[in-house]
Number of protein chains: 2
Amino acid sequence: MSTRRRGEELEQAILHAAAEELRESGYAEMTMDRVAARAGTNKNAIYRRWPHRAALGIAAYRHLSDAVMPNPDTGTLRGDALEMLRQANQTWSSPHGTVLRDLLAAAADDPTLLDLIRERSGADTMDRAWLTMLERAVARGEAPPTAVHPRVATTPIMLLRAEYAMRGFPSVPDEVLVEIIDEVFLPLVRGRAHP
Amino acid sequence: MSTRRRGEELEQAILHAAAEELRESGYAEMTMDRVAARAGTNKNAIYRRWPHRAALGIAAYRHLSDAVMPNPDTGTLRGDALEMLRQANQTWSSPHGTVLRDLLAAAADDPTLLDLIRERSGADTMDRAWLTMLERAVARGEAPPTAVHPRVATTPIMLLRAEYAMRGFPSVPDEVLVEIIDEVFLPLVRGRAHP
DNA sequence: CTCGTAAGGTACGTCGCGTACCCTATAGGG
DNA sequence: CCCTATAGGGTACGCGACGTACCTTACGAG
């Protein structure tokens, strides 16, 4: 009858189905049977491509996130940083973010998978964005050149992540974001002027 | 025959059995049937006390951790901070830490349980220790009084935590700890001198 | 002594992962 | 143009583990 799908075509269909399940119900509900049914195939086809559920979940995640990478330019370092942090907070507290956190938890004991997640979640791109933001601040004379450092750039995001790990998940309140910037990030940037 | 255990006595037996399972095989292997068998009872007695596996795991965790809280006094802020961070890294990379991380992952969607974990994991005590360490540095004239701030005190630990979330689990290499102190914590403390 | 409460024993429903087996279409080479 | 290796389809199942149901048995308080 209808031509039987193969290779690339089938693979895309499976990924699409898995992504839909992720979007609608989250990782916990993304069962292998449901994905197979939704893709109009069976678990065999899936297990031939991915060794287990977690791998499929991670592979499917990229179909969700179009990774809207913000690049705010408010004129001040404080404004830019707050804006980026707020954006990150919004992403992490959205359904997307919930899925991402669940995937992280599921892959927590497998470094291979963790790398895959980092790759697909756009974390590296995010880190670069913070660095260029710092460079702009240096150009404006708002920050010392020594402030352009990976650890400095990633600190606010790291703190936000840790905040998520501690609390439950509604989302981190804005006061906390402001505090991260005003009490940690900006003092840190200033402090790097005088070694 | 032998007098049947009840109430408090039985409860302790269950917690002890669960803790042993946690120590020997980790949270993933701590199955309800095994705990029941090891405690010489059955699942009924467990489910009458804790609603689900995660709750039992968290309750049992306190039997593991004797919470060795370090209070180093090396004479310098840098020395103290590094020591505390190293201690934390060691704890988190030990079997204990693995259990704790697994519990965190399991409770990640239940704020009630997260609070319980924070309580039992000695996180608050740890935070206080960092604060008093900062106060000592202020007394020595090594840090400005404005550096004594909760966000400042918790930053290194938060960064370490986030580091764990990103990588797999062997343990965080010492260079990273040094970098957290030298490139973030100390500059931050300095930077808080000049608002 | 009796009666409610809690423990013991056991079996079961359910769910979801991962696997096994066998059949069927299809692509690609001879 | 056929034929065979390969991959997809269908289905069933083993298994582990959670959580529940139901009955029986000890214990302690009145």
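Fair warning: this is a prediction, and the values are worked out from it, not measured in the lab.

**Description of the protein's contact with DNA strand C**
Stage number 1. Taken together, 24 residues are adjacent to DNA strand C, and Lys43 and Arg53 of chain A together with Thr41, Asn42 and Asn44 of chain B come closest.
Stage number 2. In the interface set of DNA strand C, defined as its atoms within 4 Å of the protein, sugar plus phosphate atoms amount to 52%.
Stage number 3. Here a phosphate oxygen of DNA strand C sits 3.1 Å away from a polar atom, N or O, in the side chain of tyrosine 47 of chain A.
Stage number 4. Considered class by class, the residues forming the surface near DNA strand C number five nonpolar, nine polar and ten charged.

**A word on the UniProt feature "DNA-binding region" (unreviewed entry) in chain A**
Stage number 1. Per the UniProt entry, the sites bearing "DNA-binding region" (unreviewed entry) are residues 31-50 of chain A in this numbering.
Stage number 2. As annotated, residues 31-50 of chain A has a helix share of 65% and a strand share of 0%, and its two end C-alpha atoms lie 14 Å apart.

**Concerning the interface of chain B and chain A**
When the parts come together, some accessible area is lost, and that loss is often what is quoted as the size of the interface.
Stage number 1. At the junction of the two partners, chain B supplies 33 residues and chain A supplies 33 residues.
Stage number 2. Summed over both partners, the interface of chain B with chain A buries about 2,900 Å², with 65% contributed by carbon and sulfur atoms.
Stage number 3. Of all residues in chain B, Arg151, Met158 and Met166 of chain B bury the most surface against chain A, accounting for 23% of the area lost on that side.
Stage number 4. The interface formed by chain B and chain A holds eight residue pairs in polar contact (both at pLDDT 80 or more) in total.
Stage number 5. Mapped onto the side of chain B that touches chain A, the elements with two or more residues apiece are helix H6 (95-106), helix H7 (111-120), helix H9 (150-166) and helix H10 (174-191) of chain B.
Stage number 6. Per-element accounting of the side of chain B that touches chain A gives the leading share, ten residues, to H9 of chain B.

**A closer look at the protein's contact with DNA strand D**
Stage number 1. Inspection of the region around DNA strand D gives 22 residues, with Thr41, Asn42, Asn44 and Arg49 of chain A together with Lys43 of chain B positioned closest.
Stage number 2. The sugar-phosphate share of atoms of DNA strand D within 4 Å of the protein amounts to 52%.
Stage number 3. Interatomic distance of 3.0 Å between a side-chain N/O atom of arginine 48 of chain A and a phosphate oxygen of DNA strand D.
Stage number 4. Within the side chain of arginine 49 of chain A, a nitrogen or oxygen atom sits 2.6 Å from a phosphate oxygen of DNA strand D.
Stage number 5. Every element with two or more residues in the surface near DNA strand D is listed here: helix H1 (7-25) of chain A together with helix H2 (32-39) and helix H3 (43-47) of chain B.
Stage number 6. Ranked by residues supplied to the surface near DNA strand D, first place goes to H3 of chain B with three residues.
Stage number 7. Its residues assigned to classes, the surface near DNA strand D comprises four nonpolar, eight polar and ten charged.

**Observations concerning the domain arrangement of chain A**
All names here are of chain A.
Stage number 1. As far as domains go, chain A holds domain 1 (7-61) and domain 2 (77-191).
Stage number 2. On a C-alpha basis, the centres of domain 1 and domain 2 stand 30 Å from each other.
Stage number 3. In this assembly, ten residues from domain 1 lie in contact with twelve residues from domain 2.
Stage number 4. Looking at the side of domain 1 facing domain 2, the largest losses of area belong to Tyr27, Ile58 and Tyr61, adding up to 69% of the total buried there.
Stage number 5. Here domain 1 is connected to domain 2 by zero salt bridges.
Stage number 6. At the boundary of domain 1 and domain 2, one finds zero residue pairs in polar contact (both at pLDDT 80 or more).
Stage number 7. At six residues, the largest contribution of residues to the side of domain 1 that touches domain 2 is made by helix H4 (residues 53-61).
Stage number 8. Each residue belonging to the side of domain 1 that touches domain 2 can be placed in one class, and the counts come to seven nonpolar, three polar and no charged.

**Focus: the pattern of salt bridges**
Residue and element names in this part refer to chain A.
Stage number 1. Using the criterion set out here, one finds 36 salt bridges over all chains in the structure.
Stage number 2. The residue aspartate 73 makes a salt bridge to arginine 136 at a minimum N-O spacing of 3.9 Å. One end of the pair, aspartate 73, is in the loop between H4 and helix H5 (77-93); the other, arginine 136, is in helix H8 (residues 123-139), and 63 residues separate them in sequence.
Stage number 3. Among the residues examined, aspartate 73 registers a relative accessible area of 55% and is labelled exposed.
Stage number 4. By sharing partners, the salt bridges in this structure join Glu20, Glu21, Arg23, Glu24, Arg34 and Arg38 into a single network.

Conventions used here
- Residues numbered from 1 in each chain as written.
- Chains lettered and ligands numbered in written order.
- Predicted model: local features only at pLDDT ≥ 70, side-chain atom pairs only at ≥ 80, totals over all residues.
- Heavy atoms only, no water.
- Near = heavy atom within 4 Å.
- Polar contact = N/O pair within 3.5 Å; in protein donor to acceptor, adjacent residues only side chain to side chain.
- Nonpolar A, V, L, I, M, F, W, Y, C, P; charged D, E, K, R; others polar.
- UniProt positions renumbered as here; feature names shortened; annotations may be inferred.
- Helix = DSSP H or I, 4+ residues; strand = E, 2+ residues; numbered from the N terminus.
- Contact = heavy atoms within 4.5 Å.
- Buried area = accessible area lost by both parts, 1.4 Å probe.
- Domains from an automatic or database assignment.
- Salt bridge = Lys/Arg side-chain N within 4 Å of Asp/Glu carboxyl O.
- Buried < 20%, exposed > 50% of the residue type's maximum accessible area, 1.4 Å probe, protein only.

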